Amino acid sequence: QVQLVQSGAEVKKPGASVEVSCKTSGYTFTGYYIHWVRQAPGQGLEWMGRINPSSGGTNFAQKFQGRVTMTRDTSISTAYMELRSLTSDDTVVYYCVRESAGGSSGTFDYWGQGTLVTVSS
Amino acid sequence: DIQMTQSPSTLSASVGDRVTITCRASQSISSWLAWYQQKPGKAPKLLIYKASGLESGVPSRFSGSGSGTEFILTISSLQPDDFATYYCQQYNTYATWTFGQGTKVEI
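First, a word on what this report is: a plain description of the structure on this page. (Residues numbered from 1 in each chain as written. Chains lettered and ligands numbered in written order. Predicted model: local features only at pLDDT ≥ 70, side-chain atom pairs only at ≥ 80, totals over all residues. Heavy atoms only, no water.)

What to know about the overall build of chain A
Thought 1: A count of helical and extended segments in chain A gives zero helices and 11 strands.
Thought 2: Its C-alpha radius of gyration of 14 Å places chain A within 12% of the 14 Å reference for a compact globule of 121 residues.
Thought 3: Principal-axis analysis of the C-alpha atoms places the extent of chain A at approximately 45 × 30 × 25 Å.
Thought 4: Within chain A, the proportion of its 121 residues that are buried is 45%.
Thought 5: Sequence separation of at least 24 residues holds for 51% of the intrachain contacts in chain A that already meet a minimum separation of 6. (Helix = DSSP H or I, 4+ residues; strand = E, 2+ residues; numbered from the N terminus. Rg over C-alpha atoms; globule rule 2.2 N^0.38 Å. Buried < 20%, exposed > 50% of the residue type's maximum accessible area, 1.4 Å probe, protein only. Contact = heavy atoms within 4.5 Å.)

Quick look at the interface of chain B and chain A
Thought 1: Each side of the interface is counted separately: chain B has 20 residues, and chain A has 21 residues.
Thought 2: Across the chain B to chain A interface the summed buried area is about 1,600 Å²; carbon plus sulfur atoms make up 61%.
Thought 3: Broken down residue by residue, the surface that chain B buries against chain A is led by P44, W97 and F99 of chain B, which jointly contribute 37%.
Thought 4: The interface formed by chain B and chain A includes zero salt bridges.
Thought 5: At the junction of chain B with chain A, the criterion picks out six residue pairs in polar contact (both at pLDDT 80 or more).
Thought 6: Here the element with the most residues in the side of chain B that touches chain A is strand β9 (residues 85-93) of chain B; it accounts for four residues.
Thought 7: Tallied by class, the residues present in the side of chain B that touches chain A amount to 11 nonpolar, five polar and four charged. (Buried area = accessible area lost by both parts, 1.4 Å probe. Salt bridge = Lys/Arg side-chain N within 4 Å of Asp/Glu carboxyl O. Polar contact = N/O pair within 3.5 Å; in protein donor to acceptor, adjacent residues only side chain to side chain. Nonpolar A, V, L, I, M, F, W, Y, C, P; charged D, E, K, R; others polar.)

Let's talk about the pairing of strand β7 (residues 68-73) of chain A
All names here are of chain A.
Thought 1: Pairing between β7 and strand β8 (residues 78-83): six bridges, direction antiparallel. In the sheet register, T69 faces β8, and the bridge partner there is E82.
Thought 2: Between β7 and β8, which follow one another and run antiparallel, lie four residues, and S77 among them has a positive phi close to 50°. (Pairing = 2+ DSSP bridges.)

A look at the state of the cysteines
Residues and elements named next belong to chain B.
Thought 1: For the structure on display, the rule yields two disulfides over all chains.
Thought 2: Two residues share a disulfide in this structure: C23 and C88, whose sulfurs sit 2.1 Å from each other. Where C23 bonds to C88 through sulfur, the torsion about that S-S bond is close to 65°, and the disulfide is right-handed. Highlighted residues: C23 in strand β3 (residues 19-25) and C88 in strand β9, separated in sequence by 65 residues. Across the pair, exposure class does not vary: C23 and C88 are buried alike. (Disulfide = S-S within 2.5 Å.)

The following block contains the structure:
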């Protein structure tokens, strides 16, 4: 079955960077885009960007341009999201998400379990 | 960026009620709209795609309508399992994805 398993919770200091990994299984990794979505506790969902695992091409939300990098390692079916210059506003849960194909192409069909990143001095 | 605005932010309802949630886009997104349900501590679940397509396995009491800039999610007869937060999402437009701020359906 399709699974997206994310790395564990992180605690970072302001100004630092964090990298979250997303190991996938149960499907052809290079056949589906991977997106990153974040959610502050008790708040709404915020789209950060996506990566094409086949080509490595990326699209980012304007808000995160220049501060986020998304990469992948096809040999281990894993996607990565690095966010730099962290502030307390980045204390949220980060999700990796698979973009669906077929009739519902463009929507999100499988989600990782989420990774809490806490930014604190 | 395209902005998505949901209303209401919170909705109080009872089991058996007909519930409607509205989502408006800041510019036309054709029918590229999805609806998700999220329960506390869980990842969102896709309910509706392309404005009115029912995702496989989703009960038929959920339906979606609209196009352009105004969209509606309807739950025809609210069930206990439906108390959750609902998000609309525009997608496939200029390679950006945007969520609404969410509507919490509570008892």
